[in-house]
Amino acid sequence: MEGTLFPNKPAYPIQKNRPPRPNPSPKFSSAKLPPTLPPSHLSFQFDSLLQHLLHLSSTPNSTAHKLNDTKFSSSLRISDDSDQKQLQPAPKGNPISVLEFEVDKEEDVSDNGSLDYLTRKGKLILDSILEQPLHCLSSFFDTCKYELLQVDLISLLKALDYSGNWEKALYLFQWTLLNLGTANEKIDNNAIELMARILGRESQHSIASKLFDAIPLDKYLLDVRAYTTILHTYSRTGKYKRAIEIFEKMTESGLSPTLVTYNVMLDVYGKMGRSWNKIVGLLDEMRSRGLEYDEFTCSTVISACGREGLLNEAKGFFAVLKSKGYVPGTVTYNALLQVFGKAGIYSEALTILKEMEDNNCPPDAVTYNELVAAYVRAGLYEEGVTLIDSMTCKGIMPNAVTYTTVINAYGRAGEMDRALKLFDQMKKLGCVPNVCTYNAVLGMLGKKSQSEEMLKILSDMKINGCAPNRITWNTMLAMCGNEGEHKYVNRVLREMKSCGFEPDKDTFNTLISAYGRCGSDIDAAKMHEEMIKAGFTPCVTTYNALLNALARRGDWKAAESVILDMKKKGFKPSETSYSLILHAYAKGGNVKGMERIEKDIYGGHIFPSWMLLRTLVLANFRCRSLMGMERAFKALQTHGYKPDLVLYNSMLSIFAKNNMHKRAHEMLQLIHESGLQPDLITYNSLMDMYARGGDCWKAEEILRMLETSGGKPDLVSYNTVIKAFCRQGNMQEALRILSEMTTRGIGPCIFTYNTFITGYAAQEMFTEINEVISYMIEHDCRPNELTYKIVVDGYCKARRYKESMDFVSKIKDIDGSFDNESVQRLASRVRNNLESR
């Protein structure tokens, strides 16, 4: 291709065939290696990160540690959920806060502040309890056991709660449970109901679920309100089977569930998954009892469809609602937006927005957040950012959720610089990051092992008074998921528990994934068992965690069995599930398996989301399937999705490897037209293309362009240009590039040395080859079998068989670490060449 490679850039006056340089380049032995860098202090960086996180986690809520002083609550900690209500965005399309208000809006204590319902003895005991610090309560209760058991427990619990001491009320309740249990007496039903309401109001779901696990609820008959609160607690903590058991026991006892109770159970089934028939059954039951659906009912059902990818069911349910006269509100529309936004079908999301506007249903911040999510899931990041500006124009201020959605998307696409730029932008515009934003940034940096940047983020959290939550710790666990780092996983888990964060369902899923990536299948299986023992039901995310570990190993047979088990147990594989098995097929080299999934996607049996089509491009790239890549890339564009730089680079690379220069430059042009900038991978692919074609000067030209654009060449860049010169036999120019490379602090690798040896061997320069091998050994880069094989083949090609055999016989003298079996293979190679001449 004539002219410049990049628009608006001058052509470099580099001749294709340069004259020899007047001054000969230095010999290989004169190349100065950069000073050896000290080994990476991973443990030190990790220790520093962990210490910062421990400090941040331990300061906000000392009550968590104080509660451990009682025997009963050794495993109970004050949850951070109450803080999260202010720090985290409201769940999209699923208004849990509305549910909490409905469950807990009633109060049992009058507003006049009177404690007349307490006896004189009760008031004295109340005053004594209020004087005691939390850590002394257990021993205090033991000293006045007789008096406590004589006082009305419910009145005392109400008084403690009303005075703002719900933690002390919890202590008293636990102590009473233990002491009545030793006397084979039952605690009063009303006390359990009161405690349920107190913990529900405080959003202490983790504490409440453990508390109710310890109480034999089947021996009590509570009121509907208490049951509803307990069901909500189990729903929030992921203990869905337990919630279903209690609901069934409640209905069997003759109690009639309220609308709120049904709404909670719809939420339970929706979160548990593979429960569409159960949801439909509950809806029919509600109708038969004369209960009308409210907005929470509708949004919860639609959100359940979104979790399962039941797009048709969501549309059908919504259509039936409207046909029966139901007028959807903003919350219901937002839930429907989430369904299609989650699938990346932004066109359908825009249709829903238009319907909202036509029906005079005002969009809110959540509406726009869902639209932003729909755009970014379809790969349309810039459109998502533009939508943020549209929100502002309409008087709806973007919040932390809006920015976090786009930051997350940039992070998943590998656009870390743009994500961090947006993070800085939101802070400059006065939008304070919440814990979810920080978690997104920490997770992104953790994947790149950028410990120093992570420390800065933790410091920023401290400055803004943003306490880490369980997800922050889960992010730290995920960071440890690398080969041989299971000891770090164990340590983070231990410290996480010490800070009062008991593992939840997401933690177990993260642990399964982390241990799997560490190569510790035994620990991953153990976590799966622990998860079930803890009362959590495995879900699609759990299966995806297992698939993730298998995909990294290329174990597609085991991945197939996981998918089969999912379907057998009623789970519908998500786009992530199919994406992961595609990766497993690609890494395991099973092209037929990839083609089966591909056929289902193109045939409409699996929805062709942006993620899946993107994965198809990358999986085919791994298998070097040019046709497969082109099909997937075309399908991605046909569906209106926008390729990211990773996809463009993959397409450019495959064209470069197939010497399809014109197509490679078409991809380069598309990168510019998309508003993206070529990166190091783009330039390296172009260098490789010219190196393969024998145009060494053009390869160097690309290297200079990379430097001019502000980029920094890496080892791959220099190796590629060195390879280009060596292939043309221009060894002096190759040595010049090597000298430049080492001067810039980049040391050669085994590939660099073998490239030089290949170049010298092609020109029968065996003295120089010996010089390179000596240099390698001197600088602690041991030649491998390929190194010696190149030399042997060079001698044989020159028909210098005796010298070749002499070289093999002296290898052990040169390199004592080289094994005898390899020497024998090389000797056999010489003999075979000699016999076949």
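Look a little higher up for the structure.
A quick note: this is a predicted structure, and the numbers were derived from the prediction, not measured.

Draft legend 1. Fine view of the overall build of the chain. Along the chain, the regular secondary structure elements total 47 helices and 0 strands. Expressed as a percentage of its 837 residues, the buried residues of the chain come to 53%. Here the contacts in the chain between residues at least 6 apart in sequence split such that 69% fall between residues at least 24 apart. Of the roughly 37,800 Å² that the chain leaves accessible, carbon and sulfur atoms contribute 51%.

Draft legend 2. Expanded view of the packing of aromatic side chains. Following the criterion strictly, the structure yields 17 aromatic pairs and no others. Plain terms: the ring middles of Trp 473 and Phe 501 are 6.5 Å apart, the flat faces sit at 40° to each other, and that makes the pair tilted. Taken as a pair, Trp 473 in helix H26 (residues 470-479) and Phe 501 in the loop between helix H27 (486-498) and helix H28 (505-517) lie far apart in primary sequence, 28 residues in all. Judged by its relative accessible area of 5%, Phe 501 is buried. Among the aromatic residues, those joined into a ring-pair cluster are Phe 766, Tyr 788, Tyr 795, Phe 807 and Phe 818. Between Arg 287 and the ring centre of Tyr 293, over which it is positioned, the NZ or CZ distance is 4.5 Å. Sitting over the face of the ring of Phe 621, Arg 624 holds its NZ or CZ atom 5.1 Å from the ring centroid.

Draft legend 3. Summary view of the environment of Leu 387. Structurally, Leu 387 is set in helix H21 (residues 381-393). With 15 residues separating them along the chain, Leu 387 and Val 372 place their C-alpha atoms 6.6 Å apart. For Leu 387, the residues in contact, after removing those within four places along its chain, are Tyr 368, Leu 371, Val 372 and Tyr 375.

Draft legend 4. Structural detail: the pattern of salt bridges. Considering all chains together, one arrives at 39 salt bridges under this definition. Two residues, Asp 213 and Arg 242, come together in a salt bridge whose shortest N-O distance is 3.6 Å. With Asp 213 in helix H11 (residues 205-214) and Arg 242 in helix H13 (residues 240-252), this pair connects stretches of sequence that are 29 residues apart. Put simply, Glu 292 and Arg 287 hold a salt bridge, and the shortest N to O gap is 3.3 Å.

Draft legend 5. Main features of the nonpolar core. Within the largest apolar cluster, 266 residues are counted, with the highest numbers of intra-cluster contacts made by Phe 173 and Phe 212. With 9 residues, helix H9 (residues 166-182) is the single largest residue contributor to this core. Beyond its immediate stretch of four places on either side in the chain, Phe 212 contacts Ile 192, Ala 196, Leu 217, Ile 230, Tyr 234 and Arg 242.

Draft legend 6. Broad picture of helix H14 (residues 259-272). End to end, H14 covers 20 Å across 14 residues, agreeing with the expected 20 Å (1.5 Å per residue, within 8%). Of all 14 residues in H14, 12 are buried; the element is thus mostly enclosed. Of all the positions in H14, only Val 260, Thr 261, Tyr 262, Asn 263, Val 264, Met 265, Leu 266, Asp 267, Val 268, Tyr 269, Gly 270 and Met 272 are classed as buried.

Draft legend 7. The arrangement of a positive patch on the surface in detail. Judged by side-chain charge, Arg 552, Lys 587, Arg 622 and Arg 624 come together as a positively charged surface patch. Mapped onto the elements, Arg 552 comes out in helix H30 (residues 540-553). A relative accessible area of 39% places Arg 552 in the partly exposed class.

Draft legend 8. Looking closely at unusual backbone geometry. Positive phi values are uncommon outside glycine, yet Glu 764 reaches one of about 60°. Summarising the element assignment, Glu 764 is placed in the loop between helix H42 (750-762) and helix H43 (766-778). Its relative accessible area of 43% is what places Glu 764 among the partly exposed residues. Even without glycine at this site, Arg 799 takes up a positive phi of about 60°. Looking at the secondary structure, you find Arg 799 in the loop between helix H44 (785-797) and helix H45 (801-809).

Draft legend 9. Looking closely at the packing of helix H41 (residues 731-743) against H42. It is at 11 Å that the axes of H41 and H42 come closest, and there the two elements cross at 165°. With respect to each other, H41 and H42 are oriented roughly antiparallel. Regarding H41 and H42, the two cross each other, and that crossing is left-handed. On H42, the residues touching Met 731, Ala 734, Leu 735, Leu 738 and Met 741 of H41 are Thr 752, Phe 756, Gly 759 and Tyr 760. Residues that form the contact of H41 with H42 fall into these classes: 7 nonpolar, 2 polar and no charged.

About the thresholds
- Residues numbered from 1 in each chain as written.
- Predicted model: local features only at pLDDT ≥ 70, side-chain atom pairs only at ≥ 80, totals over all residues.
- Heavy atoms only, no water.
- Helix = DSSP H or I, 4+ residues; strand = E, 2+ residues; numbered from the N terminus.
- Buried < 20%, exposed > 50% of the residue type's maximum accessible area, 1.4 Å probe, protein only.
- Contact = heavy atoms within 4.5 Å.
- Areas by Shrake-Rupley, 256 points an atom, 1.4 Å probe, with all protein chains shown as cover.
- Phe/Tyr/Trp six-rings, centres within 6.5 Å; stacked < 30°, edge-to-face > 60°.
- Lys NZ or Arg CZ within 6 Å of the ring centre and 35° of its normal.
- Salt bridge = Lys/Arg side-chain N within 4 Å of Asp/Glu carboxyl O.
- Core = buried A, V, L, I, M, F, W, Y, C linked by side-chain atoms within 4.5 Å.
- Expected span 1.5 Å × (residues − 1).
- Patch = residues over 30% accessible without salt bridge, like charges linked within 9 Å, V, L, I, M, F, W, Y side chains within 5 Å.
- Lys, Arg positive; Asp, Glu negative; His and termini not counted.
- Charge placed at Lys NZ, Arg CZ, Asp CG, Glu CD.
- Axes fitted to C-alpha atoms, helices over the stretch in contact; angles between N-to-C directions.
- Parallel < 35°, antiparallel > 145°, perpendicular 65-115°, else oblique.
- Left-handed = near helix turned anticlockwise from the far one by under 90°.
- Nonpolar A, V, L, I, M, F, W, Y, C, P; charged D, E, K, R; others polar.

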